[in-house]
Amino acid sequence: MHFAVIGHPIAHSLSPMLHETWLKAAGLFGCYTMVDVEADALESLVMRLRNRQLDGINVTIPYKTAIIPFLDRLEPAAARAGAVNTVYWDGEELVGANTDGIGFARALATQGTTTTNLLVIGAGGAARGIIPALSGRVTVMNRTDATAQQVATELGCNSIPWSTVVDLTPYDVVINTTSVGMAPNLEAMPIELTETTALICDIIYRPTPTRLLREATASGLATLDGVLMFVLQAAEAFERFTGQKPDLALGEQVIRKQLEES
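Residues numbered from 1 in each chain as written. Predicted model: local features only at pLDDT ≥ 70, side-chain atom pairs only at ≥ 80, totals over all residues. Heavy atoms only, no water.

1. Here we look at the overall build of the protein
At step 1: What the protein contains, in helices and strands, is 9 helices and 12 strands.
At step 2: A compact globule built from 262 residues would reach a C-alpha radius of gyration of about 18 Å, and the protein, at 18 Å, matches this within 12%.
At step 3: By principal-axis analysis of the C-alpha atoms, the protein measures approximately 55 × 40 × 30 Å.
At step 4: Scored against the burial criterion, the 262 residues of the protein give a buried share of 49%. (Helix = DSSP H or I, 4+ residues; strand = E, 2+ residues; numbered from the N terminus. Rg over C-alpha atoms; globule rule 2.2 N^0.38 Å. Buried < 20%, exposed > 50% of the residue type's maximum accessible area, 1.4 Å probe, protein only.)

Encoded structure:
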């Protein structure tokens, strides 16, 4: 078995470490690699799948939407989100799934937080995957207002104009789904934290904590980093790839240890 994660850039990904840990623990012979794919090479990458040179892939920025036309069908969550993060074989069909939503929802559930009003920062593939899985009133904002409005219309939520200074008082959960805070912009902030008691979530898992979460902690706010979501969404993908449930505790332990050492 040969699986891979594709994206551009992709060097930061810990997916190979996580999936290979699970493959070994399950006694499965296989490998999981990363492939940095330029935009004009996406179709040829899919042909490698078609030719069974790959048995399944995970998809990250910026191809979660771009890959859809190359697939045979989508799972309902992926179709609703308009974004795919997992591609696997079901018989002779190449199927697109989106496990971001269920991964984040399960991670959020561990916090025991009221989710009445949620603010989602960003309107890309990750946001599209997460929003349909959220319970409560969801508002989205994005640097390109038209994109936020489009996502709000398609997914049945609200949108507000972009600003780094936002009135956060109505929200009990704030979720950063953008790449702001990742290398090379490690000290960037997607928004300023002002006058809020919200749970602050960042789906970035490397680095963790991001500056957003560090400042939230310094302000006495509860936080949720991206590690648990990363492990939980990956577990859904692993099960589709192999038919087996992975060891979640082992997965989280391996990733947190690697992050501490790096």
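2. Side note on the nonpolar core
At step 1: With 27 residues, the main nonpolar core has Phe 104, Leu 108, Ile 131, Leu 134 and Ile 175 as its most contacted residues.
At step 2: Of all elements in the fold, only helix 4 (100–109), strand 7 (117–121), helix 5 (125–130), strand 8 (137–141), helix 6 (145–155), strand 10 (173–176), strand 11 (199–202) and helix 8 (227–242) reach the threshold of two or more residues within this core.
At step 3: In terms of residue count, helix 6 provides more of this core than any other element does, 4 residues in total.
At step 4: Sequence-distant contacts of Phe 104, defined by excluding residues within four places in its chain, comprise Ile 130, Leu 134, Ile 175, Cys 201, Ile 203, Leu 224 and Met 229.
At step 5: In this structure, Val 95, Val 231, Ala 237 and Phe 241 belong to the second largest nonpolar core, which totals 22 residues. (Core = buried A, V, L, I, M, F, W, Y, C linked by side-chain atoms within 4.5 Å. Contact = heavy atoms within 4.5 Å.)

3. A few points about the environment of Ala 26
At step 1: For Ala 26, the location among the structural elements is in the loop between helix 1 (15–25) and strand 2 (31–36).
At step 2: Looking at Ala 26, the relative accessible area reads 30%, which means it is partly exposed.
At step 3: Between the C-alpha atom of Ala 26 and that of Lys 245, which follows or precedes it by 219 residues, the distance is 8.8 Å.

4. So, the side chain of Thr 177
At step 1: Relative to the assigned elements, Thr 177 resides in the loop between strand 10 and strand 11.
At step 2: A relative accessible area of 9% places Thr 177 in the buried class.
At step 3: Among the polar contacts made by the side chain of Thr 177, one reaches the main-chain carbonyl oxygen of Ile 121 at a distance of 2.7 Å.
At step 4: Those residues in contact with Thr 177 that lie beyond four places of it in its chain are Val 120, Ile 121, Gly 122, Ala 126, Ala 127, Ile 130 and Ile 203. (Polar contact = N/O pair within 3.5 Å; in protein donor to acceptor, adjacent residues only side chain to side chain.)

5. A closer look at the packing of aromatic side chains
Note on aromatic pairs: each is described by the distance of the centres and the angle between the planes.
At step 1: On inspection of all chains with the given rule, the structure shows 3 aromatic pairs.
At step 2: Judged by centre distance (4.7 Å) and plane angle (15°), the rings of Phe 3 and Phe 241 are stacked. Within this pair, whereas Phe 3 is found in strand 1 (residues 2–7), its partner Phe 241 is found in helix 8, the two being separated by 238 residues in sequence.
At step 3: According to the relative accessible area criterion, Phe 241 is buried, its value standing at 11%.
At step 4: Summarising the aromatic geometry, the rings of Trp 22 and Phe 238 are spaced 5.6 Å apart at their centres and angled 65° between planes, so their arrangement reads as edge-to-face. One end of the pair, Trp 22, is in helix 1; the other, Phe 238, is in helix 8, and 216 residues separate them in sequence.
At step 5: By relative accessible area, which is 2% here, Phe 238 ends up buried.
At step 6: Over the ring of Trp 89 we find Arg 52, and its NZ or CZ is 3.6 Å from the ring centre. (Phe/Tyr/Trp six-rings, centres within 6.5 Å; stacked < 30°, edge-to-face > 60°. Lys NZ or Arg CZ within 6 Å of the ring centre and 35° of its normal.)

6. Here we look at helix 6
At step 1: If you check which residues of helix 6 are buried, you get Ala 148, Val 151, Ala 152 and Leu 155. Summarising the axial view, the buried residues of helix 6 lie within an arc of 100°, below the 170-degree limit, and thus occupy one face.
At step 2: Its buried side turned inward, helix 6 meets helix 3 (76–81), helix 5, strand 8 and strand 9 (158–159).
At step 3: A positive phi of about 70° marks Gly 156, the residue just after helix 6. (Arc of directions from axis to C-beta.)

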